[in-house]
Amino acid sequence: MNKLDATLVAEALKRAEYNLTDSIKDADVVLINTCSVRQHAEEKVLSHLGHLKHLKENKPALVVGVIGCMAQRLGAELLKSKAVDIVCGPTQIPQLTELINKTLQQKEKSIAVTGQIRRKVSDKQTQALEDFESAYDTDDKQLPHQAFVRVMHGCNKFCTYCIVPYVRGPEVSRPPKAIIEQVKKLAGQGVKLITLLGQAVNSYSYAAGEKTYCLADLLYMAAEIDGIKWIRFVTSYPSEKFFDPICRAMADVPKVCKYLHIPAQSGSDKILKAMNRKYTAAQYLNLLDRAKSIVPGLAVAGDFIVGFPGESEDDFKATVELTKKARYKNCFIFKYSPRPDTIAEKKLPDDVPIEVKRSRNIELLAVQEKISEELSSQFLNKQVRVLVEGLSKKPHLNAEDKVGLPQLIGRTAEDWIVVFNGAPDLAGCFADIKITKTSPLTLFGEMSA
Ligand code: 5AD
Ligand code: SF4
């Protein structure tokens, strides 16, 4: 979501005749797009702001804006900092160019955040976001020919640890017509892979006349569009609603990638209940089994939080068991971080010591690594198709081969990372790679002739 917001803002500013610069030293305006999901993310922003405060001492005209979730969460509080001139929440980004113009001209601080974030979003605001989104969408030049398309804003799930419903507001699904028009436009610009985005993307629901559109409808409609080759969607909430039709779309439509990111968060029923996740471990595993039986070859990814309040050794063991049964391709594992004003922060003491959180994190990562290794080794000597992203960003991997070609990175439809040597201008193209070596998270191979 944040990457998409950043590209929308960058595009809007370019069209307002601002030039983007790679170096902070050349900038008249610095914008920090922020995340509030864990405290660590906010700490990084505060440390950036510390640097910017110093920079401003030598360059008083420098304008600094904080945008995104932290801007919404802290609002006027952030403006008190000498370093900050502009504060703009995620649902106010359509106003950002205006705020910057105003601050540059009038040398005054400015702020745009939503007063009561959980209030029903007005039609006017929905329209403003819609117009902004469809005007400035663009393929992300960092990953050529790929683009994110938001299908819904906000979240209504209220998992007790999570700040998202309080910073991104209520769930609002975008009209299917607008989404499909946008995908067509992106396809016209050469986009081959679109990733449909929503906090709980499988909750997408839009009533238009007689019909209520769900995510599966969007998948079928997007697959009709020439030029679009692959379609992904993230992130799915483990719920029965719309689940089978979405799995059938993955099975039936070759363009829909067989990749499901479906966080479990915990394997303990007690903890799942305390998290307000609306399923048990058994129901979750049942959903996965069904998904895998409908979609042969499905790759599953997950998220876990370790050290949630009240998590005992047995609760953690249940998480390890679930991880083993789920056989994820990869998992994102986070240490619980209390977020201000969430239900967990208000009602449940953060009682798992940090060393225990840390050791559970390491243990779960090791369990997952073994599974990832087993799954990735199945690709040895097989051929896979990847969409090439560009030069490998890891310099130590960036070794040239015998004929001087650098190392490139690509991903399969199921999101496996593949490293191989090839010409840099393959970025944005599909390539067939024969896998010669595997590691838990990366496949290595050679381009097939
Ligand atoms: N502490 C730790 N991890 C969190 N996540 C969300 N909120 C928190 C929190 N308070 C994790 C969840 C979610 C991912 C995006 O971030 O696992 O799926
Ligand atoms: Fe947060 Fe839960 Fe919504 Fe995901 S589904 S954004 S974890 S409240």
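Structure: see above.
Residues numbered from 1 in each chain as written. Chains lettered and ligands numbered in written order. Predicted model: local features only at pLDDT ≥ 70, side-chain atom pairs only at ≥ 80, totals over all residues. Heavy atoms only, no water.

*Asks:* Could you clarify how one ought to interpret the overall build of the protein chain in this entry?
*Replies:* A tally of helices and strands in the protein chain yields 15 helices and 19 strands. In terms of overall size, the protein chain behaves like a compact globule, its C-alpha atoms giving a radius of gyration of 23 Å where 449 residues would be expected to give roughly 22 Å. Its C-alpha atoms put the protein chain at 65 × 55 × 55 Å along the principal axes. For the protein chain, buried positions account for 50% of its 449 residues. Here the analysis covers contacts within the protein chain between residues at least 6 apart in sequence; of these, 71% occur between residues at least 24 apart. Carbon and sulfur atoms make up 53% of the accessible area of the protein chain, which amounts to about 21200 Å² in all. When the 62 positive and 54 negative side-chain charges of the protein chain are each reduced to one mean point, those points stand 1 Å apart. (Helix = DSSP H or I, 4+ residues; strand = E, 2+ residues; numbered from the N terminus. Rg over C-alpha atoms; globule rule 2.2 N^0.38 Å. Buried < 20%, exposed > 50% of the residue type's maximum accessible area, 1.4 Å probe, protein only. Contact = heavy atoms within 4.5 Å. Areas by Shrake-Rupley, 256 points an atom, 1.4 Å probe, with all protein chains shown as cover. Lys, Arg positive; Asp, Glu negative; His and termini not counted. Charge placed at Lys NZ, Arg CZ, Asp CG, Glu CD.)

*Asks:* Please explain the site of ligand 1 as it appears in this structure.
*Replies:* Taken together, V37, R38, Y161, Q265, D303, I305, F334, K335, Y336, S337 and R339 make up all the residues around ligand 1. A distance of 2.6 Å is found between an oxygen atom of ligand 1 and a side-chain nitrogen or oxygen belonging to D303. At 2.8 Å from a nitrogen atom of ligand 1 is found a main-chain nitrogen or oxygen belonging to S337. Considering ligand 1 on its own, with 400 Å² of exposed area, one finds that the protein chains cover 85% of that surface. (Near = heavy atom within 4 Å. Polar contact = N/O pair within 3.5 Å; in protein donor to acceptor, adjacent residues only side chain to side chain.)

*Asks:* How should I be thinking about the nonpolar core in this particular structure?
*Replies:* Most often, soluble globular proteins keep nonpolar side chains buried together rather than apart. Ranked by internal contacts, the top residues of the largest apolar core, which has 86 residues, are L196 and F233. In this view, L196 contacts V149, V151, V201, L215, L218, L219, I231, R232, F233 and V234; residues no more than four positions away in its chain are not counted. (Core = buried A, V, L, I, M, F, W, Y, C linked by side-chain atoms within 4.5 Å.)

*Asks:* Looking at this model, I keep getting lost on the sheet that holds strand β1 (residues 29–34). Mind explaining?
*Replies:* One key point about sheets: their strands pair by backbone hydrogen bonds, in either a parallel or an antiparallel sense. With parallel pairing, the four strands of this open sheet are ordered in space as β1-β2-β3-β4. Both edges of this open sheet fall to β1 and β4 (110–112), since each of them pairs with a single strand only. Taking each pair of neighbouring strands and ignoring which way they run, the sheet shows an average axis angle of 15°. In this structure, β1 lies alongside strand β2 (residues 63–68), joined through six bridges in parallel fashion. Its bridge partner lying in β2, T34 is registered against G68. Strands in contact with helix α5 (residues 96–106) are β1, β2, β3 (86–88) and β4; relative to β3, the strand with the most contacts, it is inclined by about 170°. (Pairing = 2+ DSSP bridges. Axes fitted to C-alpha atoms, helices over the stretch in contact; angles between N-to-C directions.)

*Asks:* When you look at helix α2 (residues 39–58) in this model, what are you seeing that I'm missing?
*Replies:* Side chains of residues three or four places apart in an α-helix project in the same direction, reflecting 3.6 residues per turn. Taking 1.5 Å per residue as the helical rise, α2 with its 20 residues ought to reach 28 Å, and the 30 Å between its terminal C-alpha atoms agrees with that figure. Among all positions of α2, only A41, E42, V45, L49, L52 and K56 are buried. Along the axis of α2, the buried positions cluster into a sector of 85°, meaning they face one direction only. Away from the buried face of α2 by more than 90 degrees, exposed residues H40, K44, H51, H54, E57 and N58 are located. Looking at the buried side of α2, the elements it contacts are β1, β2, α3 (69–74) and α4 (76–79). (Expected span 1.5 Å × (residues − 1). Arc of directions from axis to C-beta.)

*Asks:* I tried to follow the side chain of T323 on my own but got confused; where do I start?
*Replies:* Mapped onto the secondary structure, T323 falls in helix α13 (residues 313–326). In terms of polar contacts, T323 uses its side chain to reach the backbone carbonyl oxygen of T319, at 2.7 Å. Contact partners of T323, with chain neighbours within four places excluded, come to F304, Y328, L364, V367, Q368 and I371.

*Asks:* Looking at this model, I keep getting lost on the layout of surface pockets. Mind explaining?
*Replies:* One simple way to see leftover space: roll a probe sized like a water molecule over the atoms. Estimated volume of the second largest pocket: approximately 1100 Å³. Lining the second largest pocket are 33 residues, with A6, A10, L20, T21 and L31 positioned closest to its centre. When residues of the lining of the second largest pocket are traced back to their parent elements, those giving at least two are α1 (2–15), β1 and α2. The leading source of residues in the lining of the second largest pocket is α1, at nine residues. In the lining of the second largest pocket, the residues fall into 15 nonpolar, nine polar and nine charged. (1 Å grid on protein atoms, 1.4 Å probe; cavity = no way out; pocket = protein on both sides within 12 Å on 5 of 7 lines; lining within 4 Å. Points joined across faces, edges and corners; volume = space filled by probe spheres on them. Nonpolar A, V, L, I, M, F, W, Y, C, P; charged D, E, K, R; others polar.)

*Asks:* Mind showing me how you'd approach empty space enclosed by the protein here?
*Replies:* Following the criterion strictly, the structure yields two cavities of 30 Å³ or more and no others. In terms of lining residues, the largest cavity is bounded by 14 residues, among which P90, T91, R150, H153 and R168 are the most central. Secondary structure elements with two or more residues in the lining of the largest cavity: α1, α6 (123–136) and β6 (152–153). For the lining of the largest cavity, the class distribution of residues is six nonpolar, four polar and four charged. Forming the walls of the second largest cavity are K3, L4, T7, T138, D140, A147 and F148. Of all the secondary-structure elements, those providing two or more residues to the lining of the second largest cavity are α1 and β5 (146–150). Among the elements that line the lining of the second largest cavity, the one with the most residues is α1, at three residues.

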